[in-house]
Amino acid sequence: MEKNHFFARAWKAYKEQFGGTMGFLLAEICIYLIALCPLLFLTDKTLKTGAVLSAVLFVLLVLPARQNAAAAMQNRMAGGKICTSLLIDPGAYLKKLLNGLKSVGMILLWSIPLIALLLIARRNISGDVDGFTVYRNIKNFGGDDIVYGIIYLALIAVSALLLIAIGCALRSGARHAHALGRKDLLKGHHGRLLLARLFSLVTLIPLIIGLAAAVTRYIPLLQDLDGTIDGIVYGTLVLPDTKASLIIAGAGAILTLPLLPFSSLITASCVNGLAGGDKQ
């Protein structure tokens, strides 16, 4: 299978059943919303402990549903429908649940560097630490240069997030291999799977543009870094309108939403091709 062939097959599967694909997306959103419903308990102080049910529902509903979604996408790649009863298939529930828990465990392992980074950050900025101390720590980290300190921290954070992205890509591929009944299908093909994930980033363009547009509103603060630090220390810092920034970023997220199934279909197409599905 040519490296870019899985992209073309995914796009064809997406556009030829666009209505069904949106139905698939709606079904997935409904499952997630059901799992998130207990978070409404947080609006009442006397009932807020009930929000824990959200984590329980996520495990019991969302994890098996993700395996069902992979089966539905593989059904689409085989020429069937993507919006199918497979999305709510209760068959082999325990097996799907265990597979989902395994994925969560693996992602947590890939998240260890980020968790460590957050713990270190919390240790250095919690308590009575003031803005000047944070500024000095970042400056020292950059070899007595605040700009380099910010750059180094950003690179470390991006590297930690990249590890999580790789873990998510591998587990996503594993779900599709599981749906095809070919657990060992990905052996020796992890590079191709990561390439497919890289291709899928095209679906995030609206979100990236929205976030970039929101972030650029804060560039003047970075251009006058000394003034910004003084503003933080003395409590005189004036930030751009947060509501407008959230609206801009939210618009990008909303425009990205319909493209999410296409992103998943790219991985589905890649794994299906490894199984010989592209020769059908």
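Residues numbered from 1 in each chain as written. Predicted model: local features only at pLDDT ≥ 70, side-chain atom pairs only at ≥ 80, totals over all residues. Heavy atoms only, no water.

(A) Just the packing of helix 9 (residues 205-215) against helix 12 (residues 242-256), in detail. Contact geometry of helix 9 with helix 12 gives a least axis separation of 7 Å together with a crossing angle of 175°. For the element pair helix 9 / helix 12, the angle class is roughly antiparallel. Across from Pro-206, Leu-207, Gly-210, Leu-211, Ala-213 and Ala-214 in helix 9, the residues of helix 12 making contact are Ser-245, Ile-248, Ala-249, Gly-252, Ala-253, Leu-255 and Thr-256. Of the residues assigned to the contact of helix 9 with helix 12, the class counts are nine nonpolar, four polar and no charged. (Axes fitted to C-alpha atoms, helices over the stretch in contact; angles between N-to-C directions. Helix = DSSP H or I, 4+ residues; strand = E, 2+ residues; numbered from the N terminus. Parallel < 35°, antiparallel > 145°, perpendicular 65-115°, else oblique. Contact = heavy atoms within 4.5 Å. Nonpolar A, V, L, I, M, F, W, Y, C, P; charged D, E, K, R; others polar.)

(B) Region of the structure containing the environment of Ser-172. Residue placement: Ser-172 occurs in helix 7 (residues 146-179). Distance in space between the C-alpha atoms of Ser-172 and Ala-268 is 8.7 Å, their sequence separation being 96 residues. For Ser-172, the contacting residues outside a window of four places in its chain are Arg-197 and Thr-267.

(C) Highlighting helix 4 (residues 93-110). With 18 residues, helix 4 ought to run about 26 Å at 1.5 Å a step, and its terminal C-alpha atoms sit 26 Å apart, in line with that. Those residues of helix 4 not exposed but buried are Lys-96, Leu-97, Asn-99, Gly-100, Ser-103 and Ile-107. For helix 4, the angular spread of buried residues about the axis comes to 165°, placing them on one side. Exposed residues on helix 4 whose side chains face more than 90 degrees from its buried face are Leu-94, Lys-95, Leu-98, Lys-102 and Leu-109. Buried residues along helix 4 sit in contact with helix 3 (53-77) and helix 7. (Expected span 1.5 Å × (residues − 1). Buried < 20%, exposed > 50% of the residue type's maximum accessible area, 1.4 Å probe, protein only. Arc of directions from axis to C-beta.)

(D) Looking closely at the packing of aromatic side chains. As enumerated under the stated definition, the model contains nine aromatic pairs in all. Measuring from centroid to centroid gives 5.4 Å for Phe-6 and Phe-199, while their planes differ by 80°, and the two rings are edge-to-face. Of this pair, Phe-6 sits in helix 1 (residues 5-16) while Phe-199 sits in helix 8 (residues 190-200), and the two are 193 residues apart along the sequence. Judged by relative accessible area, which is 29%, Phe-199 ranks as partly exposed. Here Tyr-14 and Phe-262 contribute two aromatic rings whose centre-to-centre distance is 5.4 Å and whose plane-to-plane angle is 45°, an arrangement assigned as tilted. Of this pair, Tyr-14 sits in helix 1 while Phe-262 is found in helix 13 (residues 260-274), placing the two residues 248 residues apart along the sequence. As far as burial versus exposure is concerned, Tyr-14 and Phe-262 are alike and both buried. Members of the aromatic cluster, connected to one another through ring pairs, are Phe-6, Phe-7, Trp-11, Tyr-14, Phe-18, Phe-199 and Phe-262. (Phe/Tyr/Trp six-rings, centres within 6.5 Å; stacked < 30°, edge-to-face > 60°.)

Honestly, it's all geometry; don't read function into it.
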